[in-house]
Amino acid sequence: VLIHHVGFVTPPFGPDPRAYPWQRHYQIAAASEAVRTSLVEAGLPVADAPVVYPGVRCDLFGPPGCARGLPAPLGPALIAPPLPPLGSPTHPLRVCFAGLLMTSKSPHTLAEAMAVLRRRNVHVRCSFAGHAFQPGYDEAIRNFLKAEGLENDVLFTGQLSRSALARFFRLHHVAVFSSTFPEAFGIVAAEAMASGLVLVSTGVGGAAELLEHGISGLRYSPGDAADLADRLHSLVEATPESLQTLAWNGHTRVVEQFSVLASAQKLAGLFQAKDSMSEVSFGSITL
């Protein structure tokens, strides 16, 4: 039994029927509904292909994988209340991006949203984690932030290990998934949700399946810094209870629907079902 898990929105082979493996023991599984749709649109006969999400190691993120608590208002206050308002100079909204620093991941949109928020007198501290993949791109972001007087409000950490990423997430209130190119799923966004952060996402490609807007996260228009700024501003103005509910709903959704355990159980069921259907003999060979 062979289950071919396709984790890209582009098809693994052309639509020519001769290129498709028609053996009964072969099964395509898509990494998201968006992947399945793209394969069907490319001409592959996979309209009934099962969806198996890549799976998040929830045990490595959030409280199970990191003893560090979330900052207030998502976590317990480290100082006696009342706290300064969220978004104020002494209590800035802490926002993070994790991913390759390249145009299609669009971290520059977050930098531009920071500038919009500063003009509204909303203070944000932002961290960018990830490898500088596109030459000169991260430097352009740094130069923009410096020109806006925001260079002291940002941190570029470089590439992080998974354990360091788990600690990194727990220093923030919000994670921004800013990709403009449709991705199969967006595992880093799911890891941020598992960590207990509020996710603000473009929802392109399979990333749209991660959250329900206004319930387990927020969506904004890809590449639109003003729209992203509006979403972040709405979090600053929200009550602590509503922020906690948004983050908790996201965490619960990932654990229940997108964990490694949920994906493994789905795969096990597919193998068992396919195995029972593939008892086809060719001489002494059984497939």
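All residue numbers here refer to positions counted from 1 along the written sequence of the relevant chain. Thresholds applied to this predicted model are a pLDDT of at least 70 for local features of residues and 80 or more for the giving and counting of side-chain atom pairs; totals over whole chains, interfaces and linings are not thresholded and use all residues. Water and hydrogen atoms play no part in the side-chain values, which are based on all heavy atoms of the structure.

What follows is about the layout of surface pockets. In this analysis the probe radius is 1.4 Å and the grid spacing 1 Å, with only protein atoms considered; a cavity is a set of points the probe fits into but cannot get out of, a pocket is an open set with protein on both sides within 12 Å along at least five of seven lines, and lining residues have an atom within 4 Å of a point. Grid points are joined across faces, edges and corners, and a volume is the space filled by probe spheres set on the points. Considering only enclosed or pocket space, the largest pocket measures out at about 390 Å³ in volume. Looking at the largest pocket, it is lined by 22 residues, and the ones nearest its centre are Ala98, Gly99, Gln159, Leu165 and Val188. Secondary structure follows DSSP: runs of H or I at least 4 residues long count as helices, runs of E at least 2 residues long count as strands, and numbering of each begins at the N terminus. At the level of secondary structure, the elements contributing two or more residues to the lining of the largest pocket comprise strand E3 (93-98), helix H4 (162-169), strand E6 (174-177) and helix H5 (187-194). Take the lining of the largest pocket: its biggest share by element is 3 residues, from H5. In terms of residue class, the lining of the largest pocket is built from 10 nonpolar, 8 polar and 4 charged. Residues are grouped as follows: Ala, Val, Leu, Ile, Met, Phe, Trp, Tyr, Cys and Pro are nonpolar; Asp, Glu, Lys and Arg are charged; all remaining types, including Gly, are polar.

A few words now on the pairing of strand E4 (residues 124-129). Regular strands place their side chains on alternate faces of the sheet. When accessible area is computed with a 1.4 Å probe and restricted to protein chains, residues below 20% of their type maximum are described as buried, those above 50% as exposed, and intermediate ones as partly exposed. Counting buried positions along E4 yields 5 of 6 residues, so the element is predominantly enclosed. Pairing between two strands is assigned when DSSP locates at least 2 bridges connecting them. Where E3 meets E4, 6 bridges bridge the pair, whose relative direction is parallel. Among the inter-strand pairings, Phe97 is bridged to a residue of E4, identified as Phe128. The pairing of E4 with strand E5 (residues 154-158) spans 4 bridges and is parallel. Note that in E5 the partner of Ser127 across the bridge is Leu155. For the crossover that starts at E4, traverses helix H3 (residues 137-147) and ends in the parallel E5, the hand is right-handed. Handedness of a crossover is defined as follows: with both strands directed away from the viewer, a clockwise route from the first strand across the helix to the second makes it right-handed.

Moving on to the packing of aromatic side chains. We call Phe, Tyr and Trp rings a pair once their centres come within 6.5 Å, taking the six-membered ring for Trp, and we label the pair stacked below 30 degrees between planes, edge-to-face above 60, and tilted otherwise. Within the structure shown, the criterion is met by 10 aromatic pairs. Between the aromatic rings of Phe13 and Tyr20, the centroid separation amounts to 5.9 Å while the plane-to-plane angle is 80°, which identifies the pairing as edge-to-face. Residue classification places Tyr20 among the buried positions, given a relative accessible area of 12%. Judged by centre distance (6.0 Å) and plane angle (55°), the rings of Phe168 and Phe169 are tilted. Taken together, the aromatic side chains of Phe13, Tyr20, Trp22 and Tyr26 make up a single cluster linked through ring pairs. Whether a charge sits over a ring depends on NZ of Lys or CZ of Arg being within 6 Å of the ring centre and within 35 degrees of the ring normal. Arg142 extends its terminal NZ or CZ atom over the ring of Phe156, reaching a point 4.1 Å from the ring centre.

As a further point, take the confidence of the model for the chain. Confidence in the prediction for the chain averages 90 pLDDT; 93% of positions are at 70 or higher. Segment residues 280-287: pLDDT under 50, and 10 contacts once partners within four positions in sequence are set aside and those in other chains are kept. Residue-level confidence of the predictor is what pLDDT reports, using numbers from 0 through 100. Two residues qualify as a contact provided that any one of their heavy atoms is within 4.5 Å of a heavy atom in the partner residue.

To continue, consider the pattern of salt bridges. A pairing counts as a salt bridge when a side-chain nitrogen of Lys or Arg comes within 4 Å of a carboxyl oxygen of Asp or Glu. Under the defined criterion, the tally for this structure stands at 10 salt bridges. A salt bridge links Lys105 to Glu183, with the nearest nitrogen and oxygen atoms 3.0 Å apart. One end of the pair, Lys105, is in the loop between E3 and helix H2 (107-119); the other, Glu183, is in the loop between E6 and H5, and 78 residues separate them in sequence. Among the residues examined, Glu183 registers a relative accessible area of 17% and is labelled buried. One connected set of salt bridges, linked through shared partners, spans Arg118, Arg125 and Asp153.

Attention now goes to the environment of His173. Along the chain, His173 turns up in the loop between H4 and E6. Classification of His173 by relative accessible area gives buried; the value is 3%. For the pair His173 and Thr109, spaced 64 residues apart in sequence, the C-alpha separation works out to 18 Å. Excluding its chain neighbours within four sequence positions, the residues that come into contact with His173 are Pro71, Ala72, Pro73, Leu74, Leu86, His91, Pro92, Leu93, Arg94, Leu197 and Val198. Engagement of the side chain of His173 in a polar contact is seen with the backbone oxygen of Ala72, the distance being 2.6 Å. In the analysis that follows, any N or O atom pair within 3.5 Å is treated as a polar contact, provided that within protein one partner can donate a hydrogen and the other can accept it, and provided that, for residues neighboring in sequence, both atoms belong to side chains.

As a general point, the strands of a sheet are linked pairwise by backbone hydrogen bonds and lie either parallel or antiparallel. The strand order across the open sheet formed by 6 strands is E5-E4-E3-E6-E7-E8, and the pairing between neighbours is parallel. Strands at the two margins of the open sheet, each flanked by one partner only, are E5 and strand E8 (218-219). Two elements, E6 and strand E7 (residues 198-201), share 4 bridges in a ladder whose sense is parallel. If you follow Ala175 over to E7, its bridge partner there is Leu199. Here the axes come from fitting lines to C-alpha atoms, over the contacting stretch only for helices, and the angles between their N-to-C directions go from 0 to 180 degrees. On top of the sheet, helix H6 (residues 225-237) reaches E3, E6, E7 and E8; it is set at about 160° to E7, its chief contact.

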